[in-house]
Amino acid sequence: MALARTIHADLLRVFLLTLVSLFAIPAATLVFTEYALRSQDAEFLQAMEKRIAGDSRLSSADKTEATEFYRSHPLSKACDATAPEDRNFHDKVCRPYSMQWQFHWADRAAIWTIVLGAALLAAALVLGALAFANRGLRYASFVAGWRLMTVSSAVEVVLQSAMLVWLSFWLTAYFWQSYYVKLIALAGIAAGAAVFYAIYTLFKKLPWGNEIEGELISQADAPRLWERIRQLAGRVKTTPPDQIVAGIDTNFFVTEAPCEVKGRTFQGRTLFVSLPLLRVLDQTEADAVLAHELAHLGGGDTRSSAALGPKLLQFDQYTWKMRSGGLTIVAHYLLRLYRMIFSFALARDSREREYKADRVAAGLTGPHAIVQSLIKISAYASYRNDVERKLFAQNREHDGALGIARFVADGLPPYASSDVFIEAMKTADVPHPYDSHPPLLERMRNVGHHVPESAYGAIVATAPEASWADDIETAPAIEQRLWSEYEQRFVQNHELSLAYRYEPATEEERAVVLRHFPPVSFALKNGERIDITYAGLHPGADGGSTIGWDEVKGLTYKDSSFGDTLIVTHHDKGMLGARTTKVKLAGLGKQKENFKAAVGHYWQRHQIMRAQQQRQQQQS
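Conventions and cut-offs
- Residues numbered from 1 in each chain as written.
- Predicted model: local features only at pLDDT ≥ 70, side-chain atom pairs only at ≥ 80, totals over all residues.
- Heavy atoms only, no water.
- Helix = DSSP H or I, 4+ residues; strand = E, 2+ residues; numbered from the N terminus.
- Buried < 20%, exposed > 50% of the residue type's maximum accessible area, 1.4 Å probe, protein only.
- Areas by Shrake-Rupley, 256 points an atom, 1.4 Å probe, with all protein chains shown as cover.
- Pairing = 2+ DSSP bridges.
- Axes fitted to C-alpha atoms, helices over the stretch in contact; angles between N-to-C directions.
- Parallel < 35°, antiparallel > 145°, perpendicular 65-115°, else oblique.
- Contact = heavy atoms within 4.5 Å.
- pLDDT = per-residue confidence, 0-100.

## Some points on the overall build of the protein chain
Along its length, the protein chain carries 19 helices and 13 strands. Within the span of the protein chain, comprising 620 residues, buried residues form 45% of the whole. By element, 58% of the accessible surface of the protein chain is carried by carbon and sulfur atoms, the whole surface being about 31,500 Å².

## Quick notes on the pairing of strand S6 (residues 270-274)
S6 sits mainly inside the fold: 5 of its 5 residues count as buried. On S6, burial covers both faces: Thr270, Phe272 and Ser274 on one face and Leu271 and Val273 on the other are all buried. With 5 bridges joining them, strand S2 (residues 243-247) and S6 adopt parallel strand pairing. If you follow Val245 over to S6, its bridge partner there is Phe272. With 3 bridges joining them, strand S3 (residues 253-255) and S6 adopt antiparallel strand pairing. Directly across from Thr255, in S6, lies its bridge partner Thr270.

## Side note on the packing of helix H12 (residues 367-393) against helix H17 (residues 475-501)
At their nearest, the axes of H12 and H17 sit 9 Å apart, and the two run at 45° to each other. Judged by the angle between their axes, H12 and H17 are oblique. Mapping the contact onto sequence places Tyr380, Arg384, Glu388, Leu391, Phe392 and Ala393 in H12 and Trp483, Tyr486, Phe490, Asn493, His494, Ser497 and Arg501 in H17.

## Side note on the confidence of the model for the protein chain
On average, residues of the protein chain score 81 in pLDDT, and 81% of them reach the 70 mark or higher. When pLDDT is averaged over each helix and strand of the protein chain, the minimum, 58, is found for helix H6 (residues 181-203) and the maximum, 95, for helix H8 (residues 275-280).

## Topic: the environment of Glu354
Its place among the elements puts Glu354 in helix H11 (residues 329-365). When the C-alpha positions of Glu354 and Glu293 are compared, they lie 9.4 Å apart, and in sequence the two are 61 residues distant.

## Side note on the packing of H17 against helix H19 (residues 592-619)
As a packed pair, H17 and H19 sit with axes 7 Å apart at the nearest point and diverge in direction by 85°. Taken together, the axis directions place H17 and H19 in an arrangement best described as roughly perpendicular. Contacts between H17 and H19 involve Ala499, Tyr500 and Arg501 from the former and His601, Gln604, Arg605, Ile608, Met609 and Gln612 from the latter.

## Looking at the sheet that holds S6
The strand order across the open sheet built from 4 strands is S1-S2-S6-S3, with neighbouring strands paired in mixed fashion. Each edge of the open sheet is held by one strand with a lone partner, namely strand S1 (215-217) and S3. If you compare each strand with its neighbour and ignore which way they point, the axes differ by 30° on average.

As structure tokens, this is what we get:
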């Protein structure tokens, strides 16, 4: 229930932000233009009536006729007055690029942008609703939505950027009869960058990859396993996989998307098998898992995923790029809202597919086999995650091989008899890279075979008499290579984490921090320099006085033709407010961006380190 409330709250928040991003700027433009046009109408009519009344050359009838003309032809309608008898009025008042012409077209642009935003919002909701209908319609609706949303969002960025630049001039010019070049330039630069970014990203081919970490299992390496998979595929009434990839991830899956394994690209149907999981499953339990995955192939699930997968990934990449392009944020939330609605449809379909695949597997191998395999896979995944989390949380470097595989294998039976295990299994999901799987208890109910919690431990602790991993001749060598590579990455990532956690307090800790955060020096004018270290900023050629990161509350970089300045805001107060220190950076030149990045990076490290210390103090 808590998760559902969080999802609903997130959906509501994104919906509200979508409304703001679609309508805030055009609505502000419309309110401003309508106010200005109505005000000008009143002022213009008053001026014309006074002028007509004071014109002695006009007869009473002429004055009445002229007054009626201007009352029936307000200034705000001049640009719409296209009748022959109104041509003179139109040409005098609505000259191209005149104030009246600009306000007229800004008003129309705001109205049509609001209409476009409302239409896009409606389209997102309708296309999202269609995704719930069926799989075929889901694919068609997403393709249509993908093209409509990405192109239309770029149009939104262009329109709203133009409005923002226009407002940056006319708001101050209209109300205070003055304009600010810097404000207009800032709005223009931001708008130009957003338009370029949106259009460039729209037409840029975004990367997509489907790399599987594992190694190919040839038929010669595991003839009995291949034969068993062919038999199961025949019973499921589907074509067997074109290749089998073995790895050490805690899942099984199938895909029909092109995939890359050890630098080679494979087409067709691919089955991934987990060697560590095969070692804890007996052959009947493993058959149930394999039949489940083959049912996905037979049901068209993988074909649908292969078609949708690249488009979903590209849509997601475009959506999140729109968040990082400044004013392109106006497009981000509409795209995100559509994606969230579509995700709900995918999740519902995913659960239905899992239930169906479980029933197929139960029919081929027996309900007990699929249920026991789910319990074992969930237990192994949960325990391995717990082991790795504790290893990563350790506040010391790891030396040599970690031996995660052996540690998990040896520790799984004791873990299965612990109270922690039962609590973890109550909400356990079976891991999978592509689908949102139902909880374990729901999957038991689906196949009509319930196992009490008290029996979980005995199932997990029971070692298989024979496993399919034993029939893969290359399995030990593959596992050794993959675990070695995995643990090397684990140790490297752990060390990087320590570099963020350590203050440092010892020479050993200092060595770790310096490996990832060595001193960085930037040359300045007249032989001066500024050094950045994990401890703080060191201005001056001789190292100068250090500004420790603990002293820093905020950093502001000021550009100047006479030399840039870094303004350091301190936590304590000065005579006139917050105390600041100005660090002169004359001569920094082309090093500016690298300097900003380095300062931000090292200051962020220090903040993370202090936050980690506070958490440890609160827990102790």
